[in-house]
Amino acid sequence: MFVATQTFAPLGHSVRVIRDEEKGTIAWKIKFRDGREKNFLSPITTKPWGSTIPDFRNEAEPTAEARNSELLAFEPESIRLDDGGLHTLESNGLKLVEGVYY
Amino acid sequence: MKTIIEDNIDILVVGAGLGGTGAAYEARHWGRDKKVIIAEKANIDRSGAVAQGLYAINCYMGTRWGENNPEDHVRYARMDLMGMVREDLAFDMARHVDSAVHKFEEWGLPLMKDPKRADLPADDLGKGAYMREGRWQIMIHGESYKPIVAEAAKVNADKTFNRIMVTHLLMDDAQDNRVAGAVGFNVRTGNYHVFKSKTVIVGAGGASNIFKPRSVGEGAGRVWYAPWSSGSAYGLLIEAGAKMTQMENRIVLARFKDGYGPVGAYFLHLKTYTQNAYGDEYESKWFPELAERVGKAYLDTENQHFSHKPIPTCLRNHAFISEVAAGRGPIHMVTVEAFQDPHLEEVGWENFLGMTVGQAVLWAATDIDPKYINPELTTSEPYVMGSHATGCGAWCSGPEDISGNIPEYFWGYNRMTTVNGLFGAGDSVGGTPHAFSSGSFTEGRLSAKAACKYIDDGKAEGINVSQSKLMSVKRKSSNL
Ligand SMILES: Cc1cc2nc3c(=O)[nH]c(=O)nc-3n(C[C@H](O)[C@H](O)[C@H](O)COP(=O)(O)OP(=O)(O)OC[C@H]3O[C@@H](n4cnc5c(N)ncnc54)[C@H](O)[C@@H]3O)c2cc1C
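Residues numbered from 1 in each chain as written. Chains lettered and ligands numbered in written order. Predicted model: local features only at pLDDT ≥ 70, side-chain atom pairs only at ≥ 80, totals over all residues. Heavy atoms only, no water.

## Regarding the overall build of chain B
When helices and strands are counted, chain B shows 14 helices and 15 strands. At 23 Å, chain B has a C-alpha radius of gyration in line with the 23 Å of a compact globule built from 480 residues. Counting only C-alpha atoms, chain B reaches 70 × 55 × 45 Å along its principal axes. Within the span of chain B, comprising 480 residues, buried residues form 62% of the whole. (Helix = DSSP H or I, 4+ residues; strand = E, 2+ residues; numbered from the N terminus. Rg over C-alpha atoms; globule rule 2.2 N^0.38 Å. Buried < 20%, exposed > 50% of the residue type's maximum accessible area, 1.4 Å probe, protein only.)

Next up, the structure:
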């Protein structure tokens, strides 16, 4: 039988949480054993829950050109939010060498 | 106990943590008519290493502000892992990762803004608007990181099977190096599930509890890495015959003792620092000896500061362990200075509340208020995972435009393992340390696009799994 020799997390404390998806916040109340208290409030989302997630079935089909490229959905515009393209070895003036080197 | 068969799947995502959710989402973009199925052993709203939330996205380049280029990430990861990285895979992840983070923000994930930078014009190079924790990390209010990202996968998958523990992959009859699906059981009902699929993307996460945890007695069960991560990412791939890499590379972390509270925001943002039992800085004392051992390439004590090279994580751990072994422990984090600033105190607490509540519970239970008491640090037990500061996992193909000229790095489909039709993401891909949450999601996206192409190229035609093979896998699965 296992016998605890010391108390790892003695009772008398509490950490209470209220998570509210409507308000988009999470509220914490921490009570130490000695009675001290701390309160914290953080946002959990900035948008009505799940409202901005795209279902790709409702979006335009990707072009054949996009399929054959290295781009992912919404790229390249979502990478830099300007008209810059995807970084490549060529665009960045690099060369890949095989193996481990320094 | 029933047997439930799901047939004609195009893309089966095994494990929908950050890698798997990215895969399911992206699979729908490139495979509008494809059947995309998720098999997840928990519930994808709160599963995997990000279940409890995160307070930082540890991999964000900020190329839009000229903060970092993908090759900077490669250099950093290569330095931290002392050379052991797949540069092609790391570059590829890094060039896409920002687009994932921008989508997270669009979906409602609260990314913190730096008030000093938010109003800067976009062309003010070198200064991004997000609150940087360090060069690569941005700070978030991420308690709901996982449920937000899971939504993207749920909306786009045809069906999400929660509570399915996948135990084995299925292989094709005719080509034994071609994947054909997976089997598992429902951890609530005990029902046996067979998924017949043209491709499988394994995002089943790393492994805790391989090594004896430090927390024993009443504290047993507390570990840094998710206690429910049982190494399926590796078990499934190894059994299927996938070539693996760096499986001996384990991760050990310096964390707040017993609660495993993370230290990143403390070091980088709060500027707290460590000291030994005598109140002395100890780390640099060990550097000359370590530099001799590993060479100037990895520890150049004179020039480190100027070259902005990070000191490899394993060497810093080594200094910590050596100091304790020399009898000058315990090591404390000096928080009492930073915590006098109410804003920094708030960040310090919220950092735990948003991802490691247990640390806050423990401090409350033991009356440790870091404003007045410097808490103790310790090194964790070792873990096996491939997306943090370690790179173990499957040897995967890179993208054509980067890896195409090197046969050892490229065999047709990005992030495909050496088993045909079997892809990886996050912890399951080897040689790609420092991907973290955002990079794992990105790798899932990359593998999903490649899996669609694999199917469209006809590589999955004629797959068959005989009844007798199904029976023998079932016997293995139920004898576990
Ligand atoms: C304690 C901790 C703190 C971290 N902090 C940060 C941070 O601050 N910032 C950051 O960016 N990153 C952080 N990371 C890293 C990040 O969480 C991981 O890199 C990322 O989650 C890895 O993604 P993954 O998909 O490989 O694994 P996971 O996200 O862990 O997902 C694995 C999924 O597979 C499922 N699964 C496992 N086995 C099976 C099976 N047999 N059958 C079916 N499903 C299965 C699991 O339930 C889970 O959903 C942290 C990681 C840890 C552990």
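So much for the structure itself; the text now carries on.
## Some thoughts on helix H9 (residues 313–328) of chain B
Because an α-helix packs 3.6 residues into every turn, residues spaced three or four apart end up facing the same way. Residues and elements named next belong to chain B. Compared with an ideal rise of 1.5 Å per residue, which puts 16 residues at 22 Å, H9 spans 21 Å between its outermost C-alpha atoms and is within 8% of the ideal. When H9 is considered as a whole, its buried residues turn out to be Leu315, Asn317, Ala319, Phe320, Ser322 and Glu323. Turning to H9, the residues buried within the fold contact strand E10 (254–256), helix H7 (287–294), strand E12 (331–334) and strand E13 (376–379). (Expected span 1.5 Å × (residues − 1). Contact = heavy atoms within 4.5 Å.)

## Details of the nonpolar core
All names here are of chain B. One finds Ile57, Phe104 and Tyr145 to be the most contacted residues of the largest nonpolar core, which totals 64 residues. With 5 residues, the top contributor of residues to this core is helix H10 (residues 342–353). Among residues more than four places away in sequence, those in contact with Tyr145 are Leu18, Val50, Leu54, Ile57, Phe104, Leu109, Ile140, Ser437 and Ser438. If you look at the next biggest cluster of nonpolar residues, it comprises 40 residues, including Val14, Leu169, Ala233 and Met244. (Core = buried A, V, L, I, M, F, W, Y, C linked by side-chain atoms within 4.5 Å.)

## A short note on the site of the ligand
Residues and elements named next belong to chain B. Around the ligand sit 33 residues in total, of which Glu40, Ser47, Ala56, Ser387 and Ser437 are the nearest. Gly19 is positioned such that a nitrogen or oxygen atom in its backbone is 2.8 Å from an oxygen atom of the ligand. Compared with its free state, where it exposes 1000 Å², the ligand has 96% of that area covered by protein. When the residues that make up the shell around the ligand are grouped by side-chain class, the tally is 16 nonpolar, 14 polar and 3 charged. (Near = heavy atom within 4 Å. Polar contact = N/O pair within 3.5 Å; in protein donor to acceptor, adjacent residues only side chain to side chain. Areas by Shrake-Rupley, 256 points an atom, 1.4 Å probe, with all protein chains shown as cover. Nonpolar A, V, L, I, M, F, W, Y, C, P; charged D, E, K, R; others polar.)

## Brief notes about the pattern of salt bridges
According to the stated counting rule, one finds 38 salt bridges over all chains in the structure shown. Two residues, Glu143 of chain B and Arg46 of chain B, come together in a salt bridge whose shortest N-O distance is 2.9 Å. With Glu143 of chain B in the loop between strand E4 (138–142) and helix H4 (145–156) and Arg46 of chain B in the loop between strand E2 (36–39) and strand E3 (54–57), this residue pair connects regions lying 97 residues apart in the sequence. Of the residues examined, Arg46 of chain B reaches a relative accessible area of 30% and is grouped as partly exposed. As a salt-bridge pair, Glu105 of chain B and Lys113 of chain B come within 3.0 Å of each other at their nearest N and O atoms. Among the charged side chains, a salt-bridge network with shared partners connects Asp34, Arg36 and Lys38 of chain A together with Glu345 and Asp369 of chain B. (Salt bridge = Lys/Arg side-chain N within 4 Å of Asp/Glu carboxyl O.)

## Description of the environment of Asn374 of chain B
Residue and element names in this part refer to chain B. Residue position: Asn374 is located in the loop between helix H11 (357–365) and E13. Look at Asn374 and you get partly exposed, because its relative accessible area is 21%. C-alpha separation for the pair Asn374 and Phe211, spaced 163 residues apart in sequence, amounts to 28 Å. Setting aside its immediate chain neighbours within four residues, Asn374 contacts Gln275, His332, Met333, Val334, Thr335 and Val336. Within the structure, the side chain of Asn374 is placed 2.9 Å from the backbone nitrogen of Thr335, a separation counted as a polar contact. Here Val336 takes part through its backbone nitrogen, which lies 3.2 Å from a polar atom of the side chain of Asn374.

## Looking at the pairing of strand E1 (residues 3–14) of chain B
Residue and element names in this part refer to chain B. By the bridge criterion, 9 bridges tie E1 to strand E8 (residues 192–202) in an arrangement that is parallel. Bridging across to E8, Ile11 finds its partner in Thr199. Taken together, the 4 bridges between E1 and E2 define a ladder with parallel strand orientation. For Val13, the partnering residue across the bridge sits in E2 and is Ile38. (Pairing = 2+ DSSP bridges.)

## Digging into the interface of chain B and chain A
As a measure of interface size, the accessible area lost when the parts come together is often cited. Contacts between the two partners involve 74 residues from chain B, matched on the other side by 65 residues from chain A. Together chain B and chain A conceal approximately 6200 Å² of surface at their shared face, both sides included; 60% is due to carbon and sulfur atoms. Summed over the three residues of chain B that lose the most area to chain A, namely Trp30, Arg32 and Glu218 of chain B, the buried surface amounts to 10% of that side. Where chain B packs against chain A, one counts 5 salt bridges. The shortest N-O distance in the salt bridge between Asp369 of chain B and Arg36 of chain A comes to 3.3 Å. In this structure, the connection of chain B to chain A is made through 34 residue pairs in polar contact (both at pLDDT 80 or more). (Buried area = accessible area lost by both parts, 1.4 Å probe.)

## A look at the domain arrangement of chain B
Residues and elements named next belong to chain B. Considered domain by domain, chain B is made up of domain 1 (4–248 + 385–478) and domain 2 (254–379). For domain 1 versus domain 2, the distance between C-alpha centres works out to 29 Å. When the buried surface of domain 1 facing domain 2 is broken down by residue, Tyr55, Met79 and Met82 rank first, second and third, together holding 32% of it. Summed over the shared surface of domain 1 and domain 2, the number is 0 salt bridges. (Domains from an automatic or database assignment.)

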